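Structural features, examined
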Amino acid sequence: MGDSKGIVYWVRRLSEIAMLGWLGLMLMLDLAIAVSTGGLQWFVPFCGAAGIAAVVLRRRHRLEGFCALLGLSFAVSLVIASVDALGAPGMAETGSLLILLIGVLRHVEPVRRAAVLSLVGLGVLMAESARRDYPTAGLAFAFLLFAGWSMAAGIGGYLRFQQERRTEAVHSVRRAERLELARELHDLVAHHITGIVVQAQAARTVAEHKPEAVLPALDAIASAGSEALTSMRRMVTVLRTEDEADRRPGTTLADLRLLTERFSVEGPKVAFEIGSGIDDRTLPPEVMTTLHRVLLESLTNVRKHATRAAWVEADLRRYERVVVLRVRNFGSVASDPRVSRLGGGFGLVGMAERVEALGGRLYAGPSPEGPWEVIAEFPLP
């Protein structure tokens, strides 16, 4: 996975360099045309240089750069037309406009504003062909510029459609995770309330014979109530859907061990270690449930994306007031391309949603030693 990320990074860098190189060549052609034509045509290379600068700065000032280039290009077209001089559309200027148009259609919100800006861009390009009417070439320029605008608009619209689809998919995953957290809220409340009731009954029983034991019992009840409130606040506050889904008691460390044992039967062997200072009483129920979900999702990802992994290392350790779950796979090979083409990443979104809901952090990526790892950190009360 680390190698693939590096390849993607360098592909993007090389693509950026190639794009700027093409714009530079177009700017040199604009300069050659300005030398042969003279007059106000010298404004065109200046406009092209401004367009290249806007492309370089597009990630920080996308909307500002595009609007500034639109205004500058339209002004140059009006100036050339006002003196009835020979002129020609700028290639670097046009290329920069089309590149910025793709980004505007993909990123600018709302989509209505992006559509309006794209139409304004079309008007500016048509002004280039009409106002810089090189002898008998205005119609040809208009056709070429319209074709370029259509291609850029199609690419930008497609990229925005794909981005909207992924955003909606991510939101769907997060909604599903919130609903799952809400389902677990019933179990957590029942767990804490049951403890409070038992302690209250015990206090009532000993009150008659040992009055001095009532105060410690009341302190325990108050502590249990405080833990219940904390757990409820840390869960996502969404309404639970009314269904007949099976309910389970709170997850325990034995459930985590059973999960790794079942995985070892059908997949790579899992070495699962629980550090000292961790037991079912030291971890809040909602943390235990989320640990189970993160471990399950991590092992599922190993089976799905790390084919023929030699073995998996999982450990759960406590560092002062933080508990950390780490899952790493060793000796894996590239995933099946038929599986990779199906996409992914939503399992990680769901895990991050659950971990962050409890005030923790999730990291998924290559470790310094090379193996892919998932690390989930949870603060302890």
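So, here's what we can say about the structure.

Cut-off values and rules
- Residues numbered from 1 in each chain as written.
- Predicted model: local features only at pLDDT ≥ 70, side-chain atom pairs only at ≥ 80, totals over all residues.
- Heavy atoms only, no water.
- Phe/Tyr/Trp six-rings, centres within 6.5 Å; stacked < 30°, edge-to-face > 60°.
- Helix = DSSP H or I, 4+ residues; strand = E, 2+ residues; numbered from the N terminus.
- Buried < 20%, exposed > 50% of the residue type's maximum accessible area, 1.4 Å probe, protein only.
- Expected span 1.5 Å × (residues − 1).
- Axes fitted to C-alpha atoms, helices over the stretch in contact; angles between N-to-C directions.
- Parallel < 35°, antiparallel > 145°, perpendicular 65-115°, else oblique.
- Left-handed = near helix turned anticlockwise from the far one by under 90°.
- Contact = heavy atoms within 4.5 Å.
- Nonpolar A, V, L, I, M, F, W, Y, C, P; charged D, E, K, R; others polar.

**With respect to the packing of aromatic side chains**
- This model, assessed by the stated rule, comprises one aromatic pair.
- Judged by centre distance (6.0 Å) and plane angle (25°), the rings of Phe146 and Trp149 are stacked. Of this pair, Phe146 and Trp149 both sit in helix α6 (residues 138-207), three residues apart, which is roughly one turn of the helix.
- Residue Phe146 is classed as partly exposed on the basis of its relative accessible area of 40%.
- Here Trp149 falls in the buried class, since its relative accessible area comes to 12%.

**Comments concerning helix α2 (residues 43-56)**
- Under the 1.5 Å per step criterion, the end-to-end length of α2 is 20 Å for 14 residues, consistent within 8% with the ideal 20 Å.
- If you check which residues of α2 are buried, you get Val44, Pro45, Cys47, Gly48, Gly51, Ile52, Ala54 and Val55.

**Overview of the packing of helix α3 (residues 62-82) against helix α5 (residues 111-131)**
- Between α3 and α5, the shortest axis-to-axis distance is 9 Å and the interhelical angle comes to 25°. One way to sum up the angle between α3 and α5 is to call them roughly parallel. For the crossing formed where α3 meets α5, the hand is left-handed. Counted together, Leu63, Phe66, Cys67, Leu70, Ser73, Phe74, Ser77, Leu78, Ile80 and Ala81 of α3 and Arg113, Leu117, Val120, Gly121, Val124, Ala127, Glu128 and Arg131 of α5 form the full contact between these two elements.
- Tallied by class, residues from the contact of α3 with α5 come to twelve nonpolar, three polar and three charged.

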